[in-house]
Amino acid sequence: MGVGRTVSAPRRRPACAVREATAADVRTLVSHRRKMWLDIGRDTPSSVREADRPYEAWVRRMMRSRRFVGFVATVGEEVAGSGAVWLREEQPRPGMAEGSAPYLLSMYTEPRFRRSGVATAIVKAAVRWSRTRGYRKLELHASKAGRSVYGALGFERTWEMRAEL
Ligand SMILES: CC(C)(COP(=O)(O)OP(=O)(O)OC[C@H]1O[C@@H](n2cnc3c(N)ncnc32)[C@H](O)[C@@H]1OP(=O)(O)O)[C@@H](O)C(=O)NCCC(=O)NCCS
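Conventions used here
Here the residue numbering is sequential within each chain, running from 1 through the sequence in written order. Local features in this predicted model are restricted to residues of pLDDT 70 or higher, and side-chain atom pairs are both shown and tallied only at a pLDDT of 80 or more, whereas totals for entire chains, interfaces and linings draw on every residue. The side-chain values count all of the structure's non-hydrogen atoms but skip hydrogen atoms and water molecules. Helical segments are the DSSP runs of H or I of at least four residues, strand segments are the runs of E of at least two, and each set is numbered from the N terminus. Two residues qualify as a contact provided that any one of their heavy atoms is within 4.5 Å of a heavy atom in the partner residue. Each accessible area is a Shrake-Rupley estimate made with a 1.4 Å probe; only the visible protein chains count as cover when residues are assessed. In this count, Lys and Arg are taken as positive residues and Asp and Glu as negative ones, while His and the chain termini are left out. A charge is said to be at NZ when it belongs to Lys, at CZ for Arg, at CG for Asp and at CD for Glu. Put simply, a residue is near a molecule or strand once any heavy atom of it comes within 4 Å of that molecule or strand. A 3.5 Å cut-off defines polar contacts: any pair of N or O atoms within that distance qualifies, except that in protein one atom must be a possible hydrogen donor and the other a possible acceptor, and neighbouring residues in sequence count only when both atoms are side-chain atoms. Asp, Glu, Lys and Arg are counted as charged, while Ala, Val, Leu, Ile, Met, Phe, Trp, Tyr, Cys and Pro are counted as nonpolar; the rest, among them Gly, fall into the polar class. Salt bridges are identified by distance alone: a Lys or Arg side-chain nitrogen within 4 Å of an Asp or Glu carboxyl oxygen.

Visitor: Could you clarify how one ought to interpret the overall build of the protein in this entry?
Guide: Per the secondary structure count, the protein includes 5 helices and 5 strands. In the protein, the order of α-helices and β-strands from amino to carboxyl end is β-α-α-α-β-β-β-α-β-α. Along the longest, intermediate and shortest principal axes, the C-alpha atoms of the protein span 75 × 40 × 35 Å. Pairs at least 24 apart in sequence give 62% of the contacts found in the protein among residues at least 6 apart. A total accessible area of about 11900 Å² is found for the protein, and carbon and sulfur atoms account for 51% of it. Separation between the mean location of the 32 positive side-chain charges and that of the 17 negative ones in the protein comes to 5 Å.

What follows is the structure, encoded as structure tokens:
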């Protein structure tokens, strides 16, 4: 009989599917966004709640003008997480008269689905979506929890700067 060494079974990656969000998913995107802010923990619960309505109106408006695409990750019948790409208007610069640039935002994975590749699958879908449309870069602001996910996928820190006014 072998020595009683506990070997934890390898965690199986759930079959996670990522699809583009429709208008029917907006409430889910808003709820994930709210839970993202709460997890980040910088704002008060009441200010986070108050942000729901304007965010929902903004998402619907951006979706109608095709400047926002949500990505919903499902595992079986359950929604496991979501994220979104917003096409931000860009200022004219050499080599680009005017245009837009994709920005990844509102990444959230339901706690019970964390650390199984859900966010990674969403980021990959967002990268694919952006690349297919000819965009050469995808930007984002990473929370502490998100940094390793993006870093593992090749995202690098940039030289953006800011001052608190
Ligand atoms: C950040 C967040 C979206 C990551 O979601 P996630 O679905 O757990 O992310 P992934 O599973 O793709 O990757 C997370 C970790 O799991 C690991 N992982 C991925 N697949 C795995 C698997 N099959 N088995 C075990 N671990 C796995 C990754 O290597 C990564 O490890 P690390 O953090 O040690 O580098 C999630 O923690 C979250 O919603 N946080 C709160 C809101 C937030 O901060 N959002 C980001 C805003 S920028």
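Visitor: Could you clarify how one ought to interpret the site of the ligand in this entry?
Guide: Taken together, 22 residues lie near the ligand, and Thr 109, Arg 115, Gly 117, Thr 120 and Ser 143 sit nearest. Here an oxygen atom of the ligand sits 2.8 Å away from a polar atom, N or O, in the side chain of Thr 109. Between the ligand and the protein, one listed contact pairs an oxygen atom with a side-chain N or O atom of Arg 114 at 3.3 Å. Relative to its unbound accessible area of 940 Å², the ligand is 77% covered by the protein chains. Broken down by element, the residue count for the shell around the ligand peaks at 5 residues, all from helix H5 (residues 144-152). Taken together, the residues of the shell around the ligand break down into 10 nonpolar, 8 polar and 4 charged.

Visitor: It is not clear to me how the pattern of salt bridges should be interpreted in this structure. Could you clarify?
Guide: Opposite charge on two side chains allows them to pair when their charged atoms are near. A complete count under the given rule lists 11 salt bridges for this structure. In this structure, Arg 27 engages Glu 56 in a salt bridge whose closest nitrogen and oxygen atoms are separated by 3.3 Å. Separated by 29 residues along the polypeptide, Arg 27 in helix H1 (residues 26-40) and Glu 56 in helix H3 (residues 52-64) bring together distant segments of the chain. One network of salt bridges, with partners in common, ties together Arg 27, Glu 56 and Arg 60.

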